[in-house]
Structure formats: structure tokens, C-alpha cells
Amino acid sequence: MSETLTVSEAQGVPGAGADTVLAPVSGARQFWRRLRTQRAALVAAAVVALLVLVALAAPLLTAIEGQDPTTYHPSLIDSARGGVPVGSFGGVSGDHWLGVEPQTGRDLFARLVYGARVSLGVALAATLVQVLIGVVVGVAAALGNRWVDQLLSRATDIIIAMPLMIVSLALLAIVPSGFPRPVLVALIIGLVAWGSTAKIVRAHTLTLKGLDHVAAARLSGWGPWRVARRELLPALAAPVITYAALLVPANITVEAALSFLGVGVKPPTPSWGQMLTAADVWYQAAPQYLLLPAGALFVTVLALTVLGDGVRTALDPRAASRLSVGTGRRREAKA
């Protein structure tokens with residue numbers, strides 16, 4: 001995405017003619033310029049960056065607090081009242097910044113920041129698997145002969161028709177418990193949900209095949225994979241990145257749902273969905289135990305969704321943003 005700007009009148013520049021040509025603007029600079037006009041997307045990007053920073057710095061943050069996500073503190077639990085934390089606001093204190101879990105006394109702040117690592121890591125890994133498989137299958141279907149296209153397209157239809165949650169529940173239930181659960185959840189989500197990505201990539205590739213430079217490359221004797229690597233993949237980058245940005249919040253929700261159903265990440269590894277599973281009976285006695293992971297999930301999914309919409313609009317300026325505020329459309333119209 002590079003363009004050359006032509007100025008009719010170069011004000012303040014001696015000797016400038018009617019067609020002064022300025023330096024080409026790089027694709028990255030164009031993307032950033034369009035993204036800057038969308039205030040909501042910039043705020044969402046800041047929130048996502050903060051969440052990623054918290055997830056990466058989880059060991060440092062818990063070390064500063066002096067706690068960890070797995071240590072039990074039975075002295076902070078009132079066993080006579082069924083395991084309710086001792087003290088106000090769920091046991092909030094200088095040693096436990098957000099209080100402690102009911103029944104176990106584990107530190108809520110430590111489990112929340114370590115849970116961010118699991119939820120974000122699983123979602124990003126699953127998205128990477130989905131994109132890799134979807135791009136390969138979509139490009140192969142579009143560039144292959146009629147039989148290859150039919151075979152891969154029908155396989156993609158089968159994958160799309162498979163209910164993600166039911167298949168994930170079945171696979172997670174039969175895999176040995178010794179396999180790392182976060183890795184398993186990411187692989188299953190990615191391997192079961194790549195169909196939509198393949199459909200989108202195939203449709204874009206079929207459109208690109210008709211362009212002159214792609215047709216010339218094929219007629220010159222280039223093989224399918226050389227054509228894909230040199231001509232198609234650079235043009236597919238924008239739609240693939242856009243769709244991947246929208247897949248991440250969806251995958252966070254799927255991971256949380258699987259953990260909530262008890263077949264996702266297993267204790268003692270903390271996960272926001274797992275915390276919600278254990279908190280559903282404590283919403284009256286210890287509401288912060290439910291509200292903290294639920295609020296973290298809501299903010300993360302909302303920020304990633306808004307950022308994904310901003311990336312889509314910045315990469316494809318012809319597509320109108322679905323946001324009604326913070327998009328800078330008034331400023332663009334005035335310009």
C-alpha cells in the first residue's frame with residue numbers, strides 16, 4: 001500500500017511546479033495514519049498493551065505483592081461460615097491486594113494476573129494455528145485444479161459444520177491428563193475452527209488470480225507455490241491480519257467457556273474461565289471472586305474487538321467502521 005502524492009501548488013517552496021511529486025508513503029505509515037484517526041481503536045490498543053504487559057510481568061507483580069497463585073492461606077478463611085474470607089471486601093489487605101479465594105485462601109491478585117497469561121496465551125496460540133491452516137488450505141484450494149478445490153472445499157465445509165464446543169469437549173475428555181492443558185486447549189481450538197479462515201482466504205485468492213500480474217506470473221511458468229509466495233501472500237496479508245485480530249477475542253471466550261465447563265485448563269493452573277467456574281456459588285458471600293475474572297474477560301474481549309475493527313478499517317479504508325464513536329470519520333470528512 002504505497003502511494004505518491006502530487007501537489008498542485010507547493011506553497012512556500014521556491015520553483016515548485018504544478019506537479020511536484022512527494023516521496024512515496026509507506027504502507028506502515030499509511031496504516032498508522034488511518035489508525036490514529038480512530039480514538040476508540042487507540043484506547044483499545046492501549047488497554048490490550050497493558051493487559052499483555054500485566055500477563056508478561058505476572059511473576060514480577062506477584063513478587064512485589066509477596067504472594068503466589070497456588071499457596072493456600074487457611075488462616076484467612078472463616079471455616080465456621082463455610083469458607084468465607086475473613087475481613088472486609090473479601091480479605092483485602094496490604095498483603096492481599098484484591099483479597100483471597102473463598103475456601104482456599106489463595107491470593108486473588110496473583111491468580112488473576114497469572115490467569116491473564118493463560119487466557120491470552122491460549123487465544124493467541126489458537127489464532128496462530130487457525131491462520132496457518134486456513135491460509136494453506138485456502139490458497140491450495142484456489143490454486144489447485146478442480147478436484148483439489150472440490151476436495152479441500154468440502155473438507156472445509158465439514159470443519160465449519162462441526163460444533164466447536166461439542167467437539168472440543170469430546171477431545172478434551174479423552175486426551176490423557178498428563179498432556180499440558182493450555183497447549184491442548186489451544187491446539188484443539190485451532191484445529192477445529194480454521195474453516196472460516198480457509199473460506200475467506202480462498203475467496204480472496206480467487207479474486208487475486210484474475211489480476212494481470214498474477215496471470216502473467218502463472219503464464220511465465222511459475223509454479224503454484226512460487227506464485228503464492230511472491231504474488232498472493234503479500235496481497236493476502238491485510239485481510240488475514242484483519243480476520244486474525246477479530247479471532248483473538250472469540251478464542252478467549254471459547255477458552256473461558258471450556259474452562260467454565262470443567263474441561264479446559266485444570267487446577268492449580270489459574271484461568272479466568274476456571275475462576276468463574278469456582279465462583280458461581282460465591283456471588284453473594286464474596287462477590288469480588290466472581291466480578292474480578294468476569295470484569296477482566298469483559299474488558300479484554302471488548303478491547304480486542306474494538307481494536308480488530310480499527311485494524312480492519314485502517315487496512316481497508318473502503319470499509320466503513322462499525323463503531324459510531326471514536327472513529328474520526330467527521331475529521332476525515334472535513335479533510
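Every residue gets a number counted from 1 within its own chain, in the order that chain's sequence is written. Only residues with pLDDT of at least 70 are given local features in this predicted model, and only at 80 or more are side-chain atom pairs given and counted; all residues enter the totals for whole chains, interfaces and linings. Calculated side-chain values reflect all of the structure's heavy atoms, with hydrogen atoms and water omitted.

Enquirer: It is not clear to me how the overall build of the protein should be interpreted in this structure. Could you clarify?
Expert: Where helices and strands are cited, they refer to DSSP runs of H or I of at least four residues and of E of at least two residues respectively, numbered from the N terminus. In terms of regular secondary structure, the protein is built from 13 helices and four strands. We call two residues contacting when some pair of their heavy atoms lies within 4.5 Å. Within the protein, contacts between residues at least 6 apart in sequence are counted, and of these 68% link residues at least 24 apart. Residue-level accessible areas treat just the shown protein chains as cover; the underlying method is Shrake-Rupley with a 1.4 Å probe. Accessible area for the protein stands at about 17,700 Å²; split by element, carbon and sulfur atoms hold 67% of it.

Enquirer: What exactly am I supposed to notice about a nonpolar patch on the surface here?
Expert: On the surface, Phe-179, Val-183, Leu-187 and Leu-191 cluster together into a nonpolar patch covering about 320 Å² of accessible area. Mapped onto the elements of the fold, Phe-179 is located in the loop between α6 (164–174) and α7 (181–192). To count toward a patch, a residue needs a relative accessible area above 30% and no salt bridge. Like charges then connect within 9 Å, nonpolar side chains (Val, Leu, Ile, Met, Phe, Trp, Tyr) within 5 Å. By salt bridge we mean one thing: a side-chain nitrogen of Lys or Arg within 4 Å of a carboxyl oxygen of Asp or Glu.

Enquirer: I would appreciate a short explanation of helix α2 (residues 39–56) in the present structure.
Expert: Two residues of an α-helix separated by three or four positions point the same way, owing to the 3.6 residues in each turn. Taking 1.5 Å per residue, 18 residues should reach 26 Å; α2 reaches 26 Å between its end C-alpha atoms and fits that length. The complete set of buried residues in α2 reads Ala-41, Ala-44, Val-48, Leu-51 and Ala-55. Around the axis of α2, the buried residues are gathered within 85° of arc, so they sit on the same side. In α2, the exposed positions angled more than 90 degrees off the buried face are occupied by Val-43, Leu-50, Leu-53 and Leu-56. Helix span, as expected, comes to 1.5 Å for every residue beyond the first. Exposure is judged per residue with a 1.4 Å probe applied to protein chains only, and the accessible area is read against the type maximum: over 50% gives exposed, under 20% gives buried, and values in between give partly exposed. This arc is taken over the directions from the axis of the helix to the C-beta atoms.

Enquirer: Would you mind going over helix α11 (residues 272–279) with me for this structure?
Expert: Most of α11 is tucked away: six of the eight residues are buried. Buried residues of α11: Trp-272, Gly-273, Gln-274, Met-275, Leu-276 and Ala-279, and no others. Next to the buried residues of α11 lie α4 (108–143), α10 (224–260) and α12 (287–315).

Enquirer: How should the pattern of salt bridges be read in this particular structure?
Expert: Applying the stated criterion to the full structure yields six salt bridges. Ionic pairing is found between Glu-101 and Arg-106, a salt bridge with its closest N-O pair at 2.9 Å. Note on accessibility: Glu-101 and Arg-106 belong to one class, buried. The closest approach of N and O atoms between Asp-157 and Lys-199, which form a salt bridge, is 2.8 Å. Highlighted residues: Asp-157 in helix α5 (residues 146–161) and Lys-199 in helix α8 (residues 195–209), separated in sequence by 42 residues. Classification of Lys-199 as partly exposed rests on a relative accessible area of 34%. One network of salt bridges, with partners in common, ties together Glu-101, Arg-106 and Arg-111.

Enquirer: Even after reading the chapter, I still don't get the packing of aromatic side chains, so can you show me in this structure?
Expert: The description of two aromatic rings rests on the distance between their centres and on the angle between their planes. Any two rings among Phe, Tyr and Trp, with Trp reduced to its six-membered ring, count as a pair given centres within 6.5 Å; such a pair is stacked if its planes are under 30 degrees apart, edge-to-face if over 60, and tilted if neither. Inspection of the entire model under this criterion finds one aromatic pair. Measuring from centroid to centroid gives 5.0 Å for Trp-97 and Phe-109, while their planes differ by 55°, and the two rings are tilted. Here Phe-109 lies in helix α4 and Trp-97 lies in the loop between β4 (84–85) and α4, a separation of twelve residues in the sequence. Taking relative accessible area as the criterion, Trp-97 reaches 36% and is therefore assigned partly exposed. In this scheme, Lys NZ or Arg CZ marks a charge over a ring once it lies within 6 Å of the ring centre and within 35 degrees of the ring normal. Arg-146 extends its terminal NZ or CZ atom over the ring of Trp-147, reaching a point 4.8 Å from the ring centre.

Enquirer: Would you mind showing me how to read the confidence of the model for the protein here?
Expert: When pLDDT drops low, the exact placement of atoms in the prediction is not to be read closely. The pLDDT averaged across the protein works out to 82; a share of 86% of its residues lies at or above 70. Per-residue pLDDT stays below 50 along residues 1–25; that stretch engages in 31 contacts with residues further than four places along the chain or on separate chains. Values of pLDDT, which run from 0 to 100, indicate the predictor's confidence residue by residue.

Enquirer: In this structure, what is going on with the nonpolar core? I would like to understand it.
Expert: Soluble globular proteins tend to bury their nonpolar side chains together. Among buried residues, those of type Ala, Val, Leu, Ile, Met, Phe, Trp, Tyr and Cys that are joined through side-chain atoms within 4.5 Å constitute a nonpolar core. Of all hydrophobic cores here, the largest spans 28 residues; its most connected members are Ile-252, Trp-272, Tyr-289 and Leu-297. Contributions of two or more residues to this core are made by α2, α4, α10, α11 and α12. Element by element, the count of residues in this core is highest for α12, at nine residues. Not counting residues up to four positions away in its chain, the partners in contact with Tyr-289 are Glu-101, Pro-102, Leu-108, Met-275, Ala-278, Ala-279 and Trp-282.

Enquirer: Looking at this model, I keep getting lost on the packing of α4 against α7. Mind explaining?
Expert: Packed helix pairs are characterised by how far apart their axes lie and by the angle those axes make with each other. Angles run from 0 to 180 degrees between N-to-C directions of axes, and those axes are lines fitted to C-alpha atoms, restricted for helices to the stretch in contact. One way to put it is that α4 packs onto α7 with a least axis distance of 8 Å and a crossing angle of 35°. In terms of crossing hand, the pair formed by α4 and α7 is right-handed. Contact residues: Val-122, Ala-125, Ala-126, Val-129, Gln-130 and Ile-133 in α4; Pro-182, Val-185, Ala-186, Leu-187, Ile-189, Gly-190 and Leu-191 in α7. Residues are grouped as follows: nonpolar covers Ala, Val, Leu, Ile, Met, Phe, Trp, Tyr, Cys and Pro; charged covers Asp, Glu, Lys and Arg; every other residue, Gly included, is treated as polar. Class assignment for the residues of the contact of α4 with α7 results in eleven nonpolar, two polar and no charged. In a left-handed crossing the near helix is turned counterclockwise from the far helix by less than a right angle, and in a right-handed crossing that turn is clockwise.

Enquirer: Is there a simple way to think about unusual backbone geometry in this case?
Expert: Of all residues except glycine, most have a negative phi; of all peptide bonds, most are trans. In the Ramachandran plot, Gln-103 falls in the positive-phi region, its phi being about 70° despite a non-glycine side chain. Overall, the relative accessible area of 55% leaves Gln-103 in the exposed class.

Enquirer: I tried to follow the environment of Leu-187 on my own but got confused; where do I start?
Expert: The residue Leu-187 is located in helix α7 in this model. Classification of Leu-187 by relative accessible area gives partly exposed; the value is 34%. Setting aside residues up to four positions removed in sequence, Leu-187 forms contacts with Val-129 and Phe-179.

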